[in-house]
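The residues making up each chain are set out below.
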Amino acid sequence: MVHFSAEEKTAVTSLWGKVNVEEARGEALGRLLVVYHWTQRFFDNFGNLSSASAIMGNPKVKAHGKKVLTSFGDAIKNMDNLKGVFAKLSELHCDKLHVDPENFRLLGNVLVIILASHFGKEFTPGVQAAWQKLVAGVATALAHKYH
Amino acid sequence: MVLSAADRAAVRALWRKLGSNVGIYATEALERTFTAFPTTKTYFAHFDLSPGSAQVKAHGKKVADALTTAVAHMDDLPGALSALSDLHAHQLRVDPVNFKFLGHCLLVTLARHYPGDFGPAMHASLDKFLSHVISALASSYG
């Protein structure tokens, strides 16, 4: 189980407190679909994903992106129990959605890059390190129930 | 996965913008790699890795020069980087997984310094370019 120091928790929660989930909702998922185009395989019914601008403006991408970011928010409130937080979602992603857990790692890194572009100077190496630990923990937790 | 003309143009344009600061950003990327992915420090046990280290700065300059060479030879990355690949494979013996960590931290550094230029399309082109560089660097591993 991942253990976060008080400093790491602060680095994560203070930054997350400044994220406007509503505004950012499509960014992480959208960029995942643009940068790693093969991830589009899970979203055949999302309509127009034919270009970067189509993807970033796609309402289904934004709606689903909001679900994903909200889930991240829940994780941040429970950093000491990521496996518990993601148990049901892990089963879902394995049994129903059949998503390769590598995709969770890709999404986590995309999120880190977006945070860097939004927070600039504030996104120091130390802050990044705390976030890398979190996204790795989330990816592991989401993969935990795979069989 | 091929580097399209659009990808190459995007990378070249950004590199022109970075100008003489490539060394600074490569150094920051190295610092981020050591901080966020501590296992990478095992290859630098002989370095002073404290913030502002002159050794890390010098190494950042080396990385920057190699990337600039890569940008200038996007049509033949394996050729342009073959000597570096040999070095990493046979002398330094760095596990190739570490190239991905540095690549990621380079993207983080560029996103942090050039947020306005780092839209999804540029992000995709840069990611592709770095994947090709990493692949070329891993080509001598046999």
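Rules and cut-offs
Residues numbered from 1 in each chain as written. Chains lettered and ligands numbered in written order. Predicted model: local features only at pLDDT ≥ 70, side-chain atom pairs only at ≥ 80, totals over all residues. Heavy atoms only, no water. Helix = DSSP H or I, 4+ residues; strand = E, 2+ residues; numbered from the N terminus. Rg over C-alpha atoms; globule rule 2.2 N^0.38 Å. Buried < 20%, exposed > 50% of the residue type's maximum accessible area, 1.4 Å probe, protein only. Contact = heavy atoms within 4.5 Å. Areas by Shrake-Rupley, 256 points an atom, 1.4 Å probe, with all protein chains shown as cover. Axes fitted to C-alpha atoms, helices over the stretch in contact; angles between N-to-C directions. Parallel < 35°, antiparallel > 145°, perpendicular 65-115°, else oblique. Left-handed = near helix turned anticlockwise from the far one by under 90°. Nonpolar A, V, L, I, M, F, W, Y, C, P; charged D, E, K, R; others polar. UniProt positions renumbered as here; feature names shortened; annotations may be inferred. Buried area = accessible area lost by both parts, 1.4 Å probe. Salt bridge = Lys/Arg side-chain N within 4 Å of Asp/Glu carboxyl O. Polar contact = N/O pair within 3.5 Å; in protein donor to acceptor, adjacent residues only side chain to side chain. Phe/Tyr/Trp six-rings, centres within 6.5 Å; stacked < 30°, edge-to-face > 60°.

## What to know about the overall build of chain B
So, point 1. Along the backbone of chain B there are seven helices and zero strands.
So, point 2. Here the C-alpha atoms of chain B give a radius of gyration of 15 Å, agreeing with the 14 Å that 2.2 N^0.38 yields for 142 residues.
So, point 3. Within chain B, the proportion of its 142 residues that are buried is 47%.
So, point 4. Considering only contacts in chain B between residues 6 or more positions apart, those separated by 24 or more positions represent 77%.
So, point 5. Within the structure as shown, chain B displays about 6800 Å² of accessible surface, and the carbon and sulfur contribution to it stands at 59%.

## Describing the overall build of chain A
So, point 1. Assigned secondary structure in chain A consists of nine helices and zero strands.
So, point 2. Its helices and strands taken in sequence order, chain A reads α-α-α-α-α-α-α-α-α from the N to the C terminus.
So, point 3. The C-alpha atoms of chain A give 15 Å as radius of gyration, which agrees with the globular expectation for 147 residues (15 Å, within 12%).
So, point 4. Its C-alpha atoms give chain A principal-axis dimensions of roughly 45 × 40 × 20 Å.
So, point 5. Evaluated residue by residue, chain A yields a buried proportion of 50% over its 147 residues.
So, point 6. Relative to all contacts within chain A whose residues are 6 or more apart in sequence, the contacts with residues 24 or more apart total 72%.
So, point 7. Entry remark: accessible area of chain A is about 7300 Å², with carbon and sulfur atoms responsible for 56%.

## Concerning the packing of helix H1 (residues 6-16) of chain A against helix H5 (residues 59-77) of chain A
Angle between the axes and distance between the axes: these two values describe a pair of packed helices.
All names here are of chain A.
So, point 1. The N-to-C vectors of H1 and H5 enclose an angle of 140°; their axes lie 11 Å apart at closest approach. Here H1 lies oblique to H5, going by the angle between them. Considering only the axes of H1 and H5, their crossing is left-handed. Contacts between H1 and H5 pair Val 12, Thr 13 and Trp 16 from the former with Leu 69, Phe 72, Gly 73 and Ile 76 from the latter.
So, point 2. By residue class, the composition of the contact of H1 with H5 is five nonpolar, two polar and no charged.

## Here we look at the UniProt feature "domain: Globin" (unreviewed entry) in chain B
So, point 1. Under the feature "domain: Globin" (unreviewed entry), the UniProt entry names residues 2-142 of chain B.
So, point 2. With 69% helix and 0% strand, residues 2-142 of chain B has end C-alpha atoms that lie 22 Å from one another.

## Notes on the interface of chain B and chain A
Often the size quoted for an interface is simply the accessible area lost on bringing the parts together.
So, point 1. Opposite the 17 residues of chain B that make contact, chain A presents 20 residues.
So, point 2. A combined buried area of about 1700 Å² lies between chain B and chain A, and 67% of that area is made up of carbon and sulfur atoms.
So, point 3. Three residues stand out in chain B for area buried against chain A, namely Arg112(B), Pro120(B) and His123(B), and they jointly supply 29% of the buried area on that side.
So, point 4. Counting across the interface, chain B meets chain A through zero salt bridges.
So, point 5. Counting the contacts that link chain B with chain A gives seven residue pairs in polar contact (both at pLDDT 80 or more).
So, point 6. Of all elements in the fold, only helix H2 (22-36), helix H6 (97-113) and helix H7 (120-137) of chain B reach the threshold of two or more residues within the side of chain B that touches chain A.
So, point 7. With six residues, the top contributor of residues to the side of chain B that touches chain A is H6(B).

## Some remarks on the UniProt feature "domain: Globin" (unreviewed entry) in chain A
So, point 1. The residues that UniProt annotates with the feature "domain: Globin" (unreviewed entry) are residues 3-147 of chain A.
So, point 2. Secondary structure content for residues 3-147 of chain A is 69% helix and 0% strand, while the C-alpha to C-alpha distance between its ends is 25 Å.

## Structural notes on the packing of helix H3 (residues 27-35) of chain A against H5(A)
All names here are of chain A.
So, point 1. Where H3 meets H5, the closest approach of the two axes is 7 Å, and the angle between their N-to-C directions is 120°. If you check the angle between H3 and H5, you find them oblique. Where H3 abuts H5, its residues Leu 29, Gly 30 and Leu 33 lie against Val 61, His 64 and Gly 65.
So, point 2. Its residues placed into classes, the contact of H3 with H5 shows three nonpolar, three polar and no charged.

## A look at the packing of aromatic side chains
So, point 1. Tallied over the entire structure, the rule returns ten aromatic pairs over all chains.
So, point 2. On the basis of an interplanar angle of 80° and a centroid distance of 6.3 Å, the ring pair of Phe104(A) and Tyr146(A) is categorised as edge-to-face. Remark: Tyr146(A) occurs in the segment after helix H9 (125-143) and Phe104(A) occurs in helix H8 (residues 102-119); sequence separation between them is 42 residues.
So, point 3. For Phe104(A), a relative accessible area of 10% corresponds to the buried category.
So, point 4. Ring plane angle 65° and centroid distance 5.0 Å describe the contact between Phe34(B) and Phe44(B), whose orientation is recorded as edge-to-face.

## Looking at the side chain of His93(A)
So, point 1. By secondary structure assignment, the location of His93(A) is in helix H7 (residues 87-96).
So, point 2. If near-sequence neighbours (up to four positions away) are discounted, His93(A) is found in contact with His98(A), Val99(A), Phe104(A), Leu142(A) and Tyr146(A).

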